[in-house]
Structure formats: C-alpha cells, structure tokens
Amino acid sequence: MRKSAYLLAILLLCTLWACDSYDSWTVDPSARLTFSSDTVSFDTIISKVGSSTRRLLVFNNNSAGIRLTNVRLKHGAESYFRINVDGQFLEQGSGYDFEVRGRDSIFVLVEVTLPDVDADTVTSYTDSLAFQTESGEVQYVTLLAGGRDAYHWYGTIDINEDRTIPAGRPVVIYDSVHVASDATLTLAPGAVLMFHHNAAMRVDGKLVANGTVDNPVIMRGDRTDNLFSYLPYDNTPEQWGGLYLHGGPHSLDYLDLHASKFGIIAEDCTIQLNNCILRNSRGNGLTTRNCTLTAVNTEISNSMGDLYSMTGGTTDMIHCTLAQYYNYDSQHGMALRLSDFAYEYGDTMYYALKKAWFRNCVIAGYDQDVLMGSFMGEKKFGIELDYLFSHCYMCTDSLQQRDDPKRFVGNIFESTDTVSGGSNYVLFDTYERRYNFTPDTLSCIRSNAEPNLSQQYPLDRLGHSRTGDNKPDIGAYQLVIK
C-alpha cells in the first residue's frame, strides 16, 4: 500500500507540474516567437482575382505560453492582404488576444487580392504582419506579392471579324472563344492567353501566332499558384481545355501551349507549326484528322494520351522532338500514332493517309515501343502508304520493315531510351517535372541528323545554329558547347 501511495503521489505531482507548465504564461521580453518563414510571398497574381492561401506557422519554443495582445497588418484595413490567425479573421486588418502555449504553435493563413492599376507591367505590393506580445515586444513577418493587370473575358466570346491580341496584359478567358469562319485571329509576339478551368478556343476561321524566340505566344491555365511547394499548377496537366482548329490555314510560330486537357485537335485544315511547344496535356498533345501538317523545330512532350495522333491526311515533320515521359499517371499513350481510319458513331470511317514523313526527328519515351500504326487502306483498298523515317532517333522494336531503304533511312533505333531518357538530355528532372530536351554531350542524338536537310533549317527552336560544324543534332534542339 505504501509503495502504491508513493507512486500515486509522484504521478499526481508530475501531472500538476505538467498542467502548471502548460498553463503558465510569460511576459519575459526575451521569450520570442519563431516563424516557419520570415516572408510570405506570392507569385505574380492576376489583378482582381483572389490568390491561393499561403500558410505561416508561428512557433513558441519556450516552456511557458506567450499571449499576443495584438496581431495587425501595417496597412490595416487598407491592406490588400487578408489574414486569419488561429481561426480568427483579422477584421479591419487587426485582431486581439491570441495565445501560443508553451512548446506549441498556431496557424496563420494569408490571402491577397490585388487591384487593377491600368499598367502593362507587374506591380509589386508589400505589407508586414506585426505580432505584439504582453511584454510589449513586436515581431514582424513580411508579405510580398506581384500584381499583373489583365483583360477578363467572360461568357462565350465570338470573334466575327479580324482581330489582333497584343502583348502587354494577358487575356483571362473564363468560358470560351470562337473565331468565325470568315475571321482571322492574330496573336502578337508576347501575347498571353490564360484560360480558366475547362475554358477552350475553337477556330473555324484562321489563327495566326506571331511569336518569336524572345517573345513567344503563350496559351496556359489561369492558376498562378502551386500544387505543391516545388510544383506550380502551370506545370501540371488539365488546367484548361485546349485548342480546336478547323478552317484555316493556320500559321503558328513560337506558340507555347501547355497544361491543357487535350492540346490541339485539328480537323480538315492546313497547319504550319514552327518552333512551337505542346506539353503536359491530359489527353493527346496534338491530334489531326484529314489535315495537312508541316511542323519544324517543334517539341511535343509529356502527355497522358498520345503526343501526336495522326488520322489520314499529310504530315511532314522536320527537326521535331516527340518526347513521351509523362509521369503524372502510370498510364500514357504513344509518342506517335498513325492511322487511316477512325470509329465514329459506331461506324468505321476511312481517311486516306497520303503522306507521313518524319525527318531528323526524336521519337522517344519510357516504353519499349513509342510508335504505333493501324492501317486499313493497304489491306482493304490496296493503297500503298507513303511514310518515311529518315535520320530519326526512335525507341521501338515493332517496325518490321525498318530495313526498307525507301521508308527507313539512317535512323538510330533503341529498344528503350537509355536510363529512361535521363542520360540523353541536358535536364531531366522527374521530381519537379522540369525538362530540357537538348541532347546531352554523350547522347546518340548528337551529330546524327542529315546535314543537307539541316542546312534548310539552320537554326534550332531556341535560335542556336545547327550548321556551324556541319554536325547537326537530331530533334528540335542543338547542343551548344561553349
């Protein structure tokens, strides 16, 4: 009994001590808070559009609790920032009587909505959040954001006459844009179109993108925040719908279209792609049906569907890079799929595949096979297909006729891309999903393009010369060794 009573007394004292420690408070000026960051910053925010929520942790590493008599924004009610401290919204930019117990922490949530200031450049905004303790000590956390004015298009926007979208402010599209059959939409160098979730563009007239190497035309989603701390939404698929092309002819130079649901879907039209990027689509990166496509120095990469799905028509790809390393899902499509038929409303529709030429192109990916062809014309109608792969780098085992000198000339075949592609390119970061498909120094993509053809296209997608040493690289990018 004595032993049990002794243990009970010790337990009671420990409990009382723990309670006293947990419920004790200090006014010692040396007892300070610590923060998960001394600055809460936001990437460029579109004006009049609320930001995502940033989280700040406030730690009390002292054994005794600290009471906060006041937490306030420097600019008070005039601040563009909104603050929630431990579940309490700071009305008029100020709040009172908060507690951070010993060895504990609280959350602070920060949001911002920035004004339209009628400017074409990014405007910086700053404020500070002050934490005042019972001792009178004040600690500060800096708040930073950059605001960019934009034109906001709501509902269905019908473009019924020729129109140009300039550079400067982006256009934020919340529903859809339709270009009528007798209209031309021109996108000036540096024009930026930002699409809300599921928003899309359909062109029945003509689309002209006049981007340059320094001022590309950009089509992207409208989210400027991050999915994770290391991964912006702008680098993740399905942020917006995509681009439908009909009518034409369409001329797209230095168009950077990314993070969409289906990339470009084109039917019964003529398209010229020069120095473009189509990347990170949930569906196919590029789909053509009965189109005439010419693509030069163009990268199509990392789609859950096929990178390029061609059904009928004519294609000529020169110095293009088709790189299928999609890693947001275990499933993904081909780098290249060729076909001369499609299933429509329960019927099989035949589309004559008139020409499919791929010259000095990279066609690669994770899988042992990144090419697929399905044809009924040869079997059913006795039509000889006109396809050519010349001086390409390809990951495939399935091409039974790849020794055919009419259709396969000077190609490099690998059953799988070496080390899943990582050793072939100068940047292959599967964690942050950052890629640069310029061939690395030891890659077999280096110096193996057909030089006479490269002379006709002397600059790569980034403006680098590929003809200086007469050893051009395969694909859209030339390695420059300084």
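Refer to the structure above for everything that follows.
Residues numbered from 1 in each chain as written. Predicted model: local features only at pLDDT ≥ 70, side-chain atom pairs only at ≥ 80, totals over all residues. Heavy atoms only, no water.

A.B. asks: Help me get a handle on the overall build of the chain, residues and values and all.
C.D. replies: For the chain, the helix and strand inventory stands at 3 helices and 45 strands. Against the globule reference of 23 Å for 482 residues, the chain gives a C-alpha radius of gyration of 29 Å, more extended than a compact globule. Considered along the principal axes of its C-alpha atoms, the chain spans approximately 100 × 65 × 55 Å. The buried share of the chain, taken over its 482 residues, is 50%. Here the analysis covers contacts within the chain between residues at least 6 apart in sequence; of these, 56% occur between residues at least 24 apart. In the form shown here, the chain has an accessible surface area of approximately 22,100 Å², with 50% of it arising from carbon and sulfur atoms. Of the side chains in the chain, 39 bear a positive and 58 a negative charge, and the two mean positions are spaced by 3 Å. (Helix = DSSP H or I, 4+ residues; strand = E, 2+ residues; numbered from the N terminus. Rg over C-alpha atoms; globule rule 2.2 N^0.38 Å. Buried < 20%, exposed > 50% of the residue type's maximum accessible area, 1.4 Å probe, protein only. Contact = heavy atoms within 4.5 Å. Areas by Shrake-Rupley, 256 points an atom, 1.4 Å probe, with all protein chains shown as cover. Lys, Arg positive; Asp, Glu negative; His and termini not counted. Charge placed at Lys NZ, Arg CZ, Asp CG, Glu CD.)

A.B. asks: So what about the pattern of salt bridges? Which residues, and what values?
C.D. replies: Tallying each qualifying case throughout the model produces 15 salt bridges. In this structure, the salt-bridge partner of glutamate 111 is arginine 82, at a minimum N-O distance of 3.1 Å. On the criterion of sequence distance, the pair formed by glutamate 111 in strand 9 (residues 104-112) and arginine 82 in strand 6 (residues 81-85) is long-range, its members being 29 residues apart. Its salt-bridge partner being arginine 282, residue glutamate 238 comes within 3.5 Å of it at the nearest N-O pair. With a gap of 44 residues between them, glutamate 238 in the loop between strand 23 (231-232) and strand 24 (243-245) and arginine 282 in the loop between strand 29 (277-279) and strand 30 (286-296) connect regions that are remote in the sequence. For glutamate 238, a relative accessible area of 28% corresponds to the partly exposed category. Overlapping salt bridges, with partners in common, bring together Asp118, Asp120 and Arg169 in one network. (Salt bridge = Lys/Arg side-chain N within 4 Å of Asp/Glu carboxyl O.)

A.B. asks: How would you explain the sheet that holds strand 1 (residues 34-35) if you had to name every residue and give the values?
C.D. replies: To summarise the sheet geometry, strands pair through backbone hydrogen bonds and adopt either a parallel or an antiparallel arrangement. On the basis of which strands lie adjacent, the open sheet formed by 5 strands has the order 1-4-9-6-7 and antiparallel pairing. Each of the sheet's edge strands pairs with one partner strand only, and the pair in question is strand 1 and strand 7 (88-89). Bridge count for strand 4 (residues 54-60) against strand 9 is 7 bridges, and the pairing is antiparallel. By the bridge assignment, asparagine 60 is partnered in strand 9 with aspartate 104. (Pairing = 2+ DSSP bridges.)

A.B. asks: Residue-level account of the sheet that holds strand 26 (residues 255-258), with values.
C.D. replies: Pairing is parallel across the open sheet formed by 11 strands, whose spatial order is 12-15-18-21-26-29-31-33-38-41-43. Taken across any chain shown, the strands that pair with only one partner, and hence form the sheet edges, are strand 12 (151-153) and strand 43 (412-414). Shown here is a sheet whose adjacent strand axes are inclined to one another by a mean of 15°, direction ignored. Sheet topology places strand 21 (residues 217-221) next to strand 26; 3 bridges connect them, and they run parallel. What sits directly across from valine 217, in strand 26, is leucine 255. (Axes fitted to C-alpha atoms, helices over the stretch in contact; angles between N-to-C directions.)

Geometric values such as these leave the question of function open.
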